[in-house]
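# Architecture and fold: a report
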Amino acid sequence: MSEKRVYLFREGNQTMRDLLGGKGANLAEMTNIGLPVPPGFTITTDVCREYYATGKQLPSALRAELETAVADVEKEMGRTFGGSEKPLLVSVRSGSKFSMPGMMDTVLNLGLNETTVAAMIKETGNARFVYDSYRRLIMMLSDVAFGLSKHHFDNEIFSAYKRKVGAKGDLDLTADDLRNVCDEFLAYVKDKTGHDFPSDPWEQLMAGIEAVFRSWDNDRAKVYRRTEKIPDEIGTAVNIQSMVYGNAGEDCGTGVAFTRDPSTGEKYLFGEYLMNAQGEDVVAGVRTPVPISELEKQNPEVYNKFIQTCDKLEAHYKEMQDLEFTIEHGKLFMLQCRTGKRTGPAAVRIAVEMVKEGLISREEAIQRVSGSHLDQLLHPRIDPDVLDKAVELAKGLPASPGAAVGKVVFTANKAAEIGVHGGAGEKVLLVREETNPDDVHGMLAAQGVLTARGGKTSHAAVVARGFGIPCVAGAESIHIDEKAHYFEVNGHTVKEGDVITMDGSSGKVYLGELKLIAPEVSGSFGELMAWADEFRTLKVRTNADNPRDAQQALEFGAEGIGLCRTEHMFFEADRLPLVQELILSKDPAVQQEMLDKLQVVQQGDFEGIFEAMDGKPVTIRLIDPPLHEFLPSKDELIREVSDLSHRVSTNAELKSKLEEKQKLLHEVEAMSEANPMMGLRGVRLSIILPGLVVMQTRAILQAACKLTKAGKIVLPEIMIPLVSTVNELRVVQNQLEAEAKKIMTEQGIDVAYQFGTMIEIPRAALTSGEIAEYAQFFSFGTNDLTQMTFGYSRDDAEGKFLQTYVERKILSTNPFESIDQTGVGRLMKMSVAEGRAARPGLKCGICGEHGGDPESVHFCHEIGLDYVSCSPFRVPIARLAAAQAAVKDRVKVGAADK
């Protein structure tokens with residue numbers, strides 16, 4: 001901790017961001033490069049941390065340091081804080097190390113009271129300006145320090161006064177009007193708090209400083225930090241700066257500008273300003289600002305000076321800048337500069353164009369673009385301009401990115417019947433309590449999926465991401481009545497056929513149709529991705545179960561398939577009856593007949609996938625889920641049996657249907673398990689019912705042989721799931737190896753196939769040396785590995801307590817979103833090391849949902865995996881993250897060499 005609590009702007013620089021925050025460091029930097037910055041100083045982030053550590057008490061030594069710093073500013077400005085002549089006024093603003101625009105509090109015009117108001121009127125001869133500044137101070141400080149909402153001041157007292165005197169806008173009010181408004185403000189403060197608004201400038205200043213520190217812990221700041229993954233512990237600095245006045249007359253003004261368009265990335269000055277106004281008027285929408293280009297006509301000298309300043313700052317920081325400025329009597333002052341927030345399309349364009357302009361290197365360009373930026377490029381999004389008036393219905397988990405608009409339907413069959421893909425061509429959103437494998441056909445027909453239960457790794461989320469369908473999961477405030485075809489939420493009733501909008505990137509659901517912005521994949525995207533591929537060493541594959549997904553992933557740069565889930569193929573309409581008859585029949589001949597039929601369609605599936613992948617490796621997971629997942633749900637059958645039982649007495653034709661349903665219910669109950677996730681599935685199912693995986697292996701390898709004979713290169717990798725002991729793997733792999741050799745003999749050709757396993761049970765990770773004696777490759781199934789390591793049911797955990805755990809810092813992040821590097825990651829690292837010790841060169845990858853998470857990709861790079869695999873729409877994000885990890889390694893090596 002620094003002993004010094006307060007730094008004058010001229011004492012700091014941009015390397016001191018941890019201590020001075022981003023705003024303070026940038027104000028210091030602008031001061032030091034000779035830009036016109038109003039004098040001031042920064043209270044360090046150490047003080048904020050001390051404030052919270054001592055039960056929200058300001059350090060006793062702070063006041064003395066503040067008095068010294070204020071005296072320095074007084075000397076530089078030729079003014080006195082609280083003085084009866086030429087008084088000094090100051091602003092108090094927040095400033096974290098990381099930009100958090102609008103999340104914390106600001107107070108302007110501190111130092112005004114009866115004495116200084118009179119002094120400023122005497123000095124300026126502009127009573128209107130002075131009272132306008134005073135009413136702003138009363139409103140802002142009362143809001144942030146005394147808990148009196150500024151909306152009451154502005155929307156009730158101020159607006160009522162304007163109506164009373166017939167003023168259309170703020171500028172129609174006279175000095176006497178504004179003095180009267182100040183009196184009404186002061187009376188309201190006394191009425192609500194029981195004490196007068198503070199007239200002592202130092203009392204005002206200390207209250208403002210403490211209010212900024214408190215605002216670090218307000219709800220919107222905490223939500224923003226969670227979203228942006230900013231640590232709660234770093235705290236905020238406080239910047240105290242001498243006031244310059246944009247509201248002191250018609251030759252004064254204030255504005256906000258970006259050195260490039262933050263929506264498109266185009267290189268031109270983008271911004272707005274207002275004359276005779278203070279900064280809050282621009283950002284709060286109190287008055288309608290005008291484009292910055294108008295300033296060139298209004299004051300060419302100031303405009304040209306501002307253009308030069310913008311160019312200087314962008315060249316200095318080598319980054320697009322977000323700037324705040326004030327014009328006081330024709331003189332330009334810079335109040336802030338920071339790296340500008342931007343959309344995904346803008347981020348990519350700016351990064352690429354700055355390389356071409358010679359401002360940054362390709363390595364820096366890669367680091368400038370985030371995974372969320374690429375997400376915006378690849379999915380539709382809601383137009384930000386319409387969100388202010390949108391009616392938010394609910395908020396769930398952002399399970400699959402992208403925005404969607406459509407009519408509400410409550411069943412998969414209805415979605416398939418009328419949806420765009422294969423139905424009547426209407427845009428629909430499938431709303432379900434939760435989805436199950438039977439709903440896949442409806443999900444594919446829908447524009448988006450909304451569920452009331454489930455998490456980011458629930459069935460709905462996983463399937464939606466795989467198909468690039470927007471999904472909001474676990475919106476628990478929604479109460480669905482499927483039979484009556486409506487849902488209720490927060491006082492709204494939404495019926496089947498009503499239109500809603502959902503945003504799978506934010507988890508929010510809105511009433512009605514909101515305007516969407518189409519994905520923008522520009523030429524800059526291709527250039528950036530090409531640079532990323534040059535730097536990365538980690539391969540990127542995709543999770544794909546059909547040729548369509550495989551082709552989509554190839555277009556996004558996938559280098560193979562890391563997970564092809566064969567069971568997803570079984571849910572299609574022409575296969576599900578065959579699978580159900582296979583499961584329910586007790587006749588071996590019938591079972592074999594069903595296997596033979598399934599083999600034909602499965603072989604066709606694999607031929608299509610191998611053809612699409614054109615010589616790239618394809619990892620195919622043998623059947624994993626328990627068999628009862630292919631049958632109707634137990635609860636649904638119970639309802640049907642109950643309903644038929646009541647009706648059969650009056651309708652004899654229903655008797656046979658009732659008997660059929662009762663028999664099916666009996667079979668489903670016999671197969672039901674207390675904990676299906678740990679029951680008869682994966683390799684265990686392959687041991688108990690070996691015919692199914694033998695059929696799958698034959699379908700895979702016969703497809704490979706057929707394409708090889710046609711001159712294609714095919715690289716099948718057959719993966720045996722859920723292994724916990726080497727003996728399970730040995731039994732199944734030996735059986736399948738024998739079948740594979742038989743197929744090669746039958747076909748008269750050799751195919752370079754491999755057998756491997758998923759490492760998704762902690763015991764498998766701990767005994768990887770033994771398992772690698774058989775497995776030719778490892779693929780980490782991190783979804784299940786996370787569940788079993790933590791002992792969590794992911795659907796229950798995400799819906800019930802994980803968010804609370806993250807908010808209360810029991811967990812730093814949701815382990816189903818980003819790999820738990822301490823626990824799950826340690827198992828992975830150990831498994832890789834022991835596996836490669838037993839089998840040098842063992843290929844290791846990851847095929848869980850974590851394969852598309854940038855932090856997890858970085859970790860996979862660190863532990864030496866060969867590849868990650870993710871859903872098609874996450875492939876570019878994984879490519880970028882792998883490149884960023886490689887560039888980060890280069891920087892480390894370079895620093896070590898020095």
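No experiment lies behind these values; they were computed from the predicted model shown.

Turning to the overall build of the chain, a few remarks are in order. In terms of helices and strands, the chain carries 36 helices and 33 strands. Evaluated residue by residue, the chain yields a buried proportion of 56% over its 898 residues. In the chain, 68% of the contacts between residues at least 6 apart in sequence involve partners at least 24 apart. Looking at the chain as shown, the accessible area adds up to about 37200 Å², and 49% of this sits on carbon and sulfur atoms. On the chain, the mean spot of the 102 positive side-chain charges and the mean spot of the 129 negative ones are 2 Å from each other.

What follows is about the side chain of Gln 884. Relative to the helices and strands, Gln 884 resides in helix α36 (residues 875-897). There is a polar contact of 2.7 Å between the side chain of Gln 884 and the backbone oxygen of Val 369. Here Gln 884 is in contact with Ile 366, Gln 367, Val 369 and His 858, once residues within four sequence places are set aside.

Turning our attention to the packing of aromatic side chains. As enumerated under the stated definition, the model contains 17 aromatic pairs in all. Plain terms: the ring middles of Phe 153 and Phe 185 are 4.9 Å apart, the flat faces sit at 75 degrees to each other, and that makes the pair edge-to-face. One end of the pair, Phe 153, is in helix α6 (residues 150-165); the other, Phe 185, is in helix α7 (residues 175-193), and 32 residues separate them in sequence. With a relative accessible area of 0%, Phe 153 lands in the buried category. Between Tyr 268 and Phe 270, the ring centres sit 6.3 Å apart and the planes meet at 70 degrees, which makes this aromatic pair edge-to-face. With relative accessibility at 34%, the residue Tyr 268 sits in the partly exposed group. The structure contains a cluster of three or more aromatic residues connected by ring pairs, namely Phe 790, Tyr 792, Phe 801 and Tyr 805. One residue, Arg 225, lies across the ring of Trp 216, its end atom 3.9 Å from the ring centre.

Here the focus is the state of the cysteines. Cysteine pairs can be covalently joined through their sulfur atoms, and such a bond is termed a disulfide. For the structure shown, the criterion picks out zero disulfides. We note that Cys 705 lacks a disulfide partner, and the nearest cysteine sulfur, in Cys 564, lies 17 Å from it. Of all cysteine sulfurs, the one in Cys 860 lies closest to Cys 847, which takes part in no disulfide; the gap is 11 Å.

For sheets, the rule is that strands pair by backbone hydrogen bonds, running either parallel or antiparallel. One open sheet accounts for five strands, arranged β1-β2-β7-β5-β6; its pairing is antiparallel. Two strands bound the open sheet, and with one partner strand each, they are β1 (6-8) and β6 (106-110). With strand direction ignored, the average angle separating the axes of adjacent strands in the sheet is 20 degrees. Looking at chain direction, β1 and strand β2 (residues 40-43) are connected through three bridges and run antiparallel. Looking at β2, one finds that Tyr 7 is bridged to Thr 42. The strands that helix α1 (residues 17-32) touches are β1, β2, β5 (90-96) and β7 (236-242); relative to β5, the one it contacts most, it runs at about 125 degrees.

Take Met 594: it is sitting in helix α23 (residues 588-613). C-alpha separation for the pair Met 594 and Thr 786, spaced 192 residues apart in sequence, amounts to 36 Å.

As a further point, take the packing of helix α22 (residues 576-584) against α23. For the pair α22 and α23, the least separation of the axes is 8 Å and the interaxial angle reads 155 degrees. One way to sum up the angle between α22 and α23 is to call them roughly antiparallel. Note on packing geometry: the crossing formed by α22 with α23 is left-handed. Where α22 abuts α23, its residues Leu 578, Val 579, Glu 581 and Leu 582 lie against Val 590, Gln 591, Met 594, Leu 595, Lys 597 and Leu 598. Its residues placed into classes, the contact of α22 with α23 shows seven nonpolar, one polar and two charged.

To continue, consider the pattern of salt bridges. This structure, assessed with the given rule, holds 61 salt bridges. Among the ionic pairs, Arg 135 bridges to Asp 132, the shortest N-O distance being 3.1 Å. You can see Arg 135 and its partner Asp 132 sitting in helix α5 (residues 127-146), three residues apart, about one turn around the helix. Look at Arg 135 and you get buried, because its relative accessible area is 2%. Here Arg 575 and Asp 605 are joined by a salt bridge, their closest N and O atoms 2.7 Å apart. With Arg 575 in the loop between α21 (566-570) and α22 and Asp 605 in helix α23, this residue pair connects regions lying 30 residues apart in the sequence.

This paragraph deals with the sheet that holds strand β18 (residues 448-451). Reading across the sheet, the eight strands line up as β14-β24-β23-β16-β17-β18-β19-β15 and stay open at both edges, with mixed pairing between neighbours. Among the strands making up the open sheet, the edge pair consists of β14 (392-395) and β15 (397-400). Across this sheet, the average inter-strand angle for adjacent strands is 30 degrees, counted without regard to direction. One ladder, built from three bridges, connects β14 with strand β24 (residues 508-511); its direction is antiparallel. Looking at the pairing, Lys 395 lines up with Lys 508 of β24.

The buried fraction of strand β8 (residues 253-258) amounts to six of the six residues, a majority that puts the element mostly inside the structure. Examined bridge by bridge, β8 and strand β9 (residues 270-275) share six bridges and lie antiparallel to one another. Opposite Gly 255, over in β9, you have Tyr 273 as the bridge partner. Across six bridges, β8 lies against strand β11 (residues 321-328) in antiparallel orientation. When the sheet's bridge partners are listed, Ala 257 is paired in β11 with Leu 323.

Our focus in this paragraph is helix α25 (residues 654-671). Since there are 3.6 residues in each turn of an α-helix, residues three or four apart along the chain are aligned in direction. An ideal rise of 1.5 Å per residue puts 26 Å on 18 residues; α25 measures up with 26 Å between its terminal C-alpha atoms. When we look at burial in α25, the residues that qualify are Leu 654, Leu 658, Lys 661, Leu 664, Leu 665, Glu 667 and Val 668. In this structure, the buried side of α25 is in contact with α22 and α24 (634-647).

Across residues other than glycine, the phi torsion is negative in most instances, and most of the peptide bonds are trans. Phi is positive for Lys 56, which is not a glycine, with a value near 65 degrees. Summarising the element assignment, Lys 56 is placed in the loop between α2 (45-53) and α3 (62-77). Looking at Lys 56, the relative accessible area reads 38%, which means it is partly exposed. A positive phi angle, near 55 degrees, is found at Lys 318, a position not held by glycine. Here Lys 318 falls in the partly exposed class, since its relative accessible area comes to 34%.

What follows covers the pairing of strand β23 (residues 499-503). Counting buried positions along β23 yields four of five residues, so the element is predominantly enclosed. Sheet topology note: the strand β16 (residues 403-409)/β23 ladder contains five bridges and is antiparallel. Within β23, the position partnered with Lys 407 by the bridge is Val 499. Direction of pairing for β23 relative to β24: antiparallel, over a ladder of four bridges. Residue Ile 500 lies in a different strand from β24, and its bridge partner there is Leu 511.

Tracing the backbone through its elements, the reader meets Gly 147 in the loop between α5 and α6. Given the relative accessible area of 63%, Gly 147 is considered exposed. In the structure, Gly 147 is positioned 64 residues away from Ala 211 in sequence and 10.0 Å away in space, judged by C-alpha atoms.

What follows covers the nonpolar core. Within the largest apolar cluster, 130 residues are counted, with the highest numbers of intra-cluster contacts made by Phe 606, Phe 610, Phe 630, Met 828 and Leu 865. Per-element tally for this core: the top contributor is helix α27 (residues 690-709), with 11 residues. Once residues lying within four places of it in the same chain are set aside, the contact partners of Leu 865 are Leu 538, Phe 780, Met 828, Val 832, Arg 836, Cys 844, Gly 845, Ile 846 and Cys 860. The next biggest cluster of nonpolar side chains, apart from the first, holds 70 residues, and it includes Val 73, Leu 89, Ile 209 and Ile 234.

How each quantity is defined
Residues numbered from 1 in each chain as written. Predicted model: local features only at pLDDT ≥ 70, side-chain atom pairs only at ≥ 80, totals over all residues. Heavy atoms only, no water. Helix = DSSP H or I, 4+ residues; strand = E, 2+ residues; numbered from the N terminus. Buried < 20%, exposed > 50% of the residue type's maximum accessible area, 1.4 Å probe, protein only. Contact = heavy atoms within 4.5 Å. Areas by Shrake-Rupley, 256 points an atom, 1.4 Å probe, with all protein chains shown as cover. Lys, Arg positive; Asp, Glu negative; His and termini not counted. Charge placed at Lys NZ, Arg CZ, Asp CG, Glu CD. Polar contact = N/O pair within 3.5 Å; in protein donor to acceptor, adjacent residues only side chain to side chain. Phe/Tyr/Trp six-rings, centres within 6.5 Å; stacked < 30°, edge-to-face > 60°. Lys NZ or Arg CZ within 6 Å of the ring centre and 35° of its normal. Disulfide = S-S within 2.5 Å. Pairing = 2+ DSSP bridges. Axes fitted to C-alpha atoms, helices over the stretch in contact; angles between N-to-C directions. Parallel < 35°, antiparallel > 145°, perpendicular 65-115°, else oblique. Left-handed = near helix turned anticlockwise from the far one by under 90°. Nonpolar A, V, L, I, M, F, W, Y, C, P; charged D, E, K, R; others polar. Salt bridge = Lys/Arg side-chain N within 4 Å of Asp/Glu carboxyl O. Expected span 1.5 Å × (residues − 1). Core = buried A, V, L, I, M, F, W, Y, C linked by side-chain atoms within 4.5 Å.

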